[in-house]
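# Summary of the model geometry
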Amino acid sequence: MVLMKLSALTLTFHYFSCGDAFSYGSRRQNLGSTTHLRSSSSTISDDIVRSVTNIPSTSAPLSRNTFAGQVEQALMNRFKPSKIERVITSWRLAELGYEHREFVGDQQVPPTTDAATSRCYQHAPSFVPGLKASAWWDNAENELAWAKSLSKSFQSIRDEFTSVMSAPEKLSEGNNVWAGALSTDAESYGEGWKTLVLLNRGQWDENNAKLFPATSRAIHQSGAPVAEAFFASMKPQTSIKPHSDFTNFVLTSHLPLVIPENGNNKCRLSVGDETREWLEGKVILFDTSIYHDAINDSEEMRYILMLRVWHPDLTNDEMEALQFIYDCLEIPELLSDDPGTVFMAEQRAKMVKEFPLIGSQASEGFGSAKGGKKTKGKAKRKKGRK
């Protein structure tokens with residue numbers, strides 16, 4: 001009976017990913033009390049909501065009669081509470097309906113101080129406290145081992161992508177090929193932005209992985225702490241409005257594959273106050289909880305490989321706890337009182353995250369070859385770095 005109630009409650013959660021937002025509580029019905037926070041805010045004509053919120057108290061445990069409370073208790077049982085304190089706080093904030101808004105210009109290098117005109121505002125309904133909010137994580141492909149590995153695989157990934165794209169009969173074998181945004185919350189992406197998913201919330205799409213084996217293996221073998229991976233297309237003469245992806249505990253990485261008029265500044269991405277152009281083969285890493293937008297000002301389609309990776313400031317325990325939350329949303333039987341049911345649910349959760357391609361070693365975590373663990377190439381902040 002409890003499990004039936006939990007299964008029904010999961011229907012009230014709207015967690016978005018692969019084209020919308022990787023968020024476990026950004027636009028869901030509240031299961032408990034909601035704290036409505038006052039914020040000082042103003043909006044100017046650039047579509048940026050300039051507001052600041054105050055984080056409410058999260059000292060009270062969640063009720064075990066709610067789905068959120070059951071998840072919290074399961075987290076406490078599976079992990080040492082002191083090691084996942086920030087995740088517990090994050091989950092409680094989501095239950096309160098809290099949406100974090102903050103001016104993060106002072107965290108940029110060099111810092112931005114004009115909050116009245118700056119675009120460096122973070123909007124994160126799914127929010128883990130204490131994570132750095134840097135719009136651009138420069139030198140990713142030099143300082144992160146997984147990014148360097150992915151960059152070296154650029155030519156094989158691009159060759160495979162263009163080969164499949166030129167064969168409609170092959171492309172038709174894929175699953176949800178070039179799907180649009182999945183929710184009204186992603187309307188800012190516009191009709192010109194489509195995705196082809198390889199990995200979603202740590203779960204590989206077997207059909208699409210087999211359709212793009214070289215790409216899937218490159219991601220898998222890079223050791224990236226990846227939660228999502230997909231190709232993204234953008235039609236010519238289209239733009240994406242300023243928006244947030246609602247979540248601060250994942251960063252977004254792009255490997256540009258096909259950039260029209262490459263190097264001529266026709267395809268651009270803005271994060272916070274800085275605009276940069278996509279350059280073929282150059283891995284970039286940025287924070288999409290900060291307002292960002294994009295434009296394809298060319299006459300041809302733009303294609304990228306996009307990853308969402310766990311924030312480098314998270315510990316391994318925190319990454320695993322966050323993944324467990326997503327597993328519970330997908331497989332609520334993990335919260336059952338029956339040990340047999342839990343065992344079967346755990347086996348299912350493990351199975352759907354295994355790497356599907358024959359001849360590759362299976363993975364147990366986050367879709368990566370190393371189970372989402374950090375590599376020695378963790379990003380380090382350098383003086384003068386943005």
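None of the values given here were measured: they were computed from a predicted structure.

To continue, consider the packing of helix α2 (residues 67–78) against helix α3 (residues 85–95). In contact at an axis separation of 11 Å, α2 and α3 are set at 175° when each is read in the N-to-C sense. Judged by the angle between their axes, α2 and α3 are roughly antiparallel. Of the residues in α3, those touching α2 at A68, V71, E72, L75 and M76 are I88, W91, R92 and E95. When the residues that make up the contact of α2 with α3 are grouped by side-chain class, the tally is six nonpolar, no polar and three charged.

In terms of residue burial, strand β7 (residues 226–234) counts as a mostly covered element, since nine of its nine residues are buried. With six bridges joining them, strand β5 (residues 193–200) and β7 adopt antiparallel strand pairing. Counterpart to V197 in the pairing with β7 is F230. Note: β7 against strand β14 (residues 302–310), eight bridges, orientation antiparallel. The residue of β14 that forms the bridge with E228 is R308.

A few words now on the sheet that holds strand β8 (residues 238–243). With respect to topology, four strands assemble into an open sheet ordered β8-β13-β10-β11, the strand pairing being antiparallel. Of all the strands in the sheet, the pair left with one neighbour each is β8 and β11 (274–277). Taking each pair of neighbouring strands and ignoring which way they run, the sheet shows an average axis angle of 15°. As paired strands, strand β10 (residues 267–271) and β11 are joined by four bridges and run antiparallel to one another. Across the sheet, V271 pairs through a bridge with E274, a residue of β11.

Looking at the element boundaries, N139 is found in the loop between β4 (121–124) and α4 (140–143). Between the C-alpha atoms of N139 and I284, which are 145 residues apart in sequence, the distance is 7.9 Å.

A separate point is the sheet that holds strand β9 (residues 250–258). Strands sit in the order β6-β5-β7-β14-β9-β12 across an open sheet of six strands; the sheet is antiparallel. The outermost strands of the open sheet, each flanked by one partner alone, are β6 (203–204) and β12 (284–286). Contacting β7, β9 and β14, helix α6 (residues 154–165) crosses the sheet at an angle of about 70° to β9.

What counts, and where the lines are drawn
- Residues numbered from 1 in each chain as written.
- Predicted model: local features only at pLDDT ≥ 70, side-chain atom pairs only at ≥ 80, totals over all residues.
- Heavy atoms only, no water.
- Axes fitted to C-alpha atoms, helices over the stretch in contact; angles between N-to-C directions.
- Helix = DSSP H or I, 4+ residues; strand = E, 2+ residues; numbered from the N terminus.
- Parallel < 35°, antiparallel > 145°, perpendicular 65-115°, else oblique.
- Contact = heavy atoms within 4.5 Å.
- Nonpolar A, V, L, I, M, F, W, Y, C, P; charged D, E, K, R; others polar.
- Buried < 20%, exposed > 50% of the residue type's maximum accessible area, 1.4 Å probe, protein only.
- Pairing = 2+ DSSP bridges.

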